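Chain by chain, the residues run as shown.
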Amino acid sequence: QACFASLVSQDYVNGTDQEEIRTGVDQCIQKFLDVARQTECFFLQKRLQLSVQKPEQVIKEDVSELRNELQRKEALIQKHLSKLRHWQQVLEDISVQHKKPAEMSQAPLAYLEQASANIPAPMKQT
């Protein structure tokens, strides 16, 4: 709140120096960061107390986090496999489409070769 208050307070609106505004905002941000560090320290201390008093609880939380991580990675693997199958199918469809015109152009030629092989050779007139 102090950070925003310094930006919107009437003292700054009534024409103060930019450097003065910057200094005030920097001080507010520094106070905010100090409070954030204190809050983090408080929670770390509580976590340490919990790990000393109930070590099995910490292990349960770690196991739970690992299970969640495995589930997330398994879902990611399934997603990638699904995309892989899709693109393999697309590539297979494309290769089939490219083979069909080649087969069509070879089919008449093969038919003509087979048909000409069945025609008896002309008899020589003597």
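Throughout, a residue's number is its position along its own chain's written sequence, starting from 1. Local features in this predicted model are restricted to residues whose pLDDT is 70 or higher, and side-chain atom pairs enter the listing and the counts only when it is 80 or higher, whereas totals over whole chains, interfaces and linings include all residues. To get the side-chain values, take all heavy atoms of the structure and skip hydrogens and water.

### Thoughts on the overall build of the protein
Now for step 1: Numbering goes from the N terminus for both helices and strands, where a helix is a DSSP run of H or I of at least four residues and a strand is a run of E of at least two. Helix and strand counts for the protein come out as 4 helices and 0 strands.
Now for step 2: Walking the protein from its N terminus toward its C terminus, one meets helices and strands in the order α-α-α-α.
Now for step 3: Every one of the 126 residues in the protein was classed for burial, and the buried ones make up 6%.
Now for step 4: Note on areas: these come from Shrake-Rupley sampling with a 1.4 Å probe, and a residue is covered only by the protein chains present in the view. Total accessible area on the protein stands at roughly 11,800 Å², and carbon and sulfur atoms take up 60% of it. Note on classification: 1.4 Å probe, protein chains only; a residue is buried when its accessible area is under 20% of the maximum for its type, exposed when over 50%, partly exposed between these limits.

### Remarks on the UniProt feature "coiled-coil region" (unreviewed entry) in the protein
Now for step 1: UniProt positions are given in the numbering used here, feature names are shortened, and annotations may be inferred rather than shown by experiment. In the numbering used here, UniProt assigns the "coiled-coil region" (unreviewed entry) feature to residues 56–83.
Now for step 2: Here residues 56–83 is 100% helix and 0% strand, with 41 Å between the C-alpha atoms at its ends.

### A closer look at helix α3 (residues 18–53)
Now for step 1: Any helix carries an expected span of 1.5 Å times its number of residues minus one. The first and last C-alpha atoms of α3 sit 52 Å apart over 36 residues, in line with the 52 Å expected at 1.5 Å per residue.
Now for step 2: Those residues of α3 lying buried are I21, G24, V25 and C28.

### So, the packing of aromatic side chains
For any two aromatic rings, the description comes down to two numbers: the centre-to-centre distance and the angle of the planes.
Now for step 1: Each Phe, Tyr or Trp ring (for Trp, its six-membered ring) is paired with any other whose centre lies within 6.5 Å, and the angle between the two planes then decides the class: stacked below 30 degrees, edge-to-face above 60, tilted in between. A complete count under the given rule lists 1 aromatic pair for this structure.
Now for step 2: The interplanar angle of 75 degrees and the centroid separation of 5.3 Å between the aromatic rings of F42 and F43 together place this pair among those described as edge-to-face.
Now for step 3: F42 gets classed as partly exposed once you look at its relative accessible area, which sits at 42%.
Now for step 4: Given a relative accessible area of 53%, F43 falls into the exposed group.

### Things to note about a nonpolar patch on the surface
Now for step 1: Patch criteria: residues need more than 30% relative accessible area and no salt bridge. Like-charged residues are merged within 9 Å; nonpolar side chains of Val, Leu, Ile, Met, Phe, Trp and Tyr are merged within 5 Å. Think of a salt bridge as a Lys or Arg side-chain nitrogen and an Asp or Glu carboxyl oxygen that are within 4 Å of each other. A surface patch of nonpolar side chains, amounting to about 280 Å² of accessible area, comprises I29, F32 and L33.
Now for step 2: Relative to the assigned elements, L33 resides in helix α3.

### Some thoughts on the pattern of salt bridges
Now for step 1: All told, the structure shown has 4 salt bridges when counted by the stated rule.
Now for step 2: We note a salt bridge from R72 to E69, for which the minimum N-O separation is 2.8 Å. A residue pair is termed a helical-turn pair when its members lie 3 or 4 positions apart in one helix, as R72 and E69 do in helix α4 (residues 55–118) at 3 residues.
Now for step 3: Take R72: its relative accessible area is 46%, and that puts it in the partly exposed class.
Now for step 4: With a relative accessible area of 32%, E69 lands in the partly exposed category.
Now for step 5: One salt bridge in this structure joins K73 and E69, with 3.6 Å as the shortest N-O distance. Of this pair, K73 and E69 both sit in helix α4, 4 residues apart, which is roughly one turn of the helix.
Now for step 6: Through salt bridges with shared partners, a single ionic network connects E69, R72 and K73.

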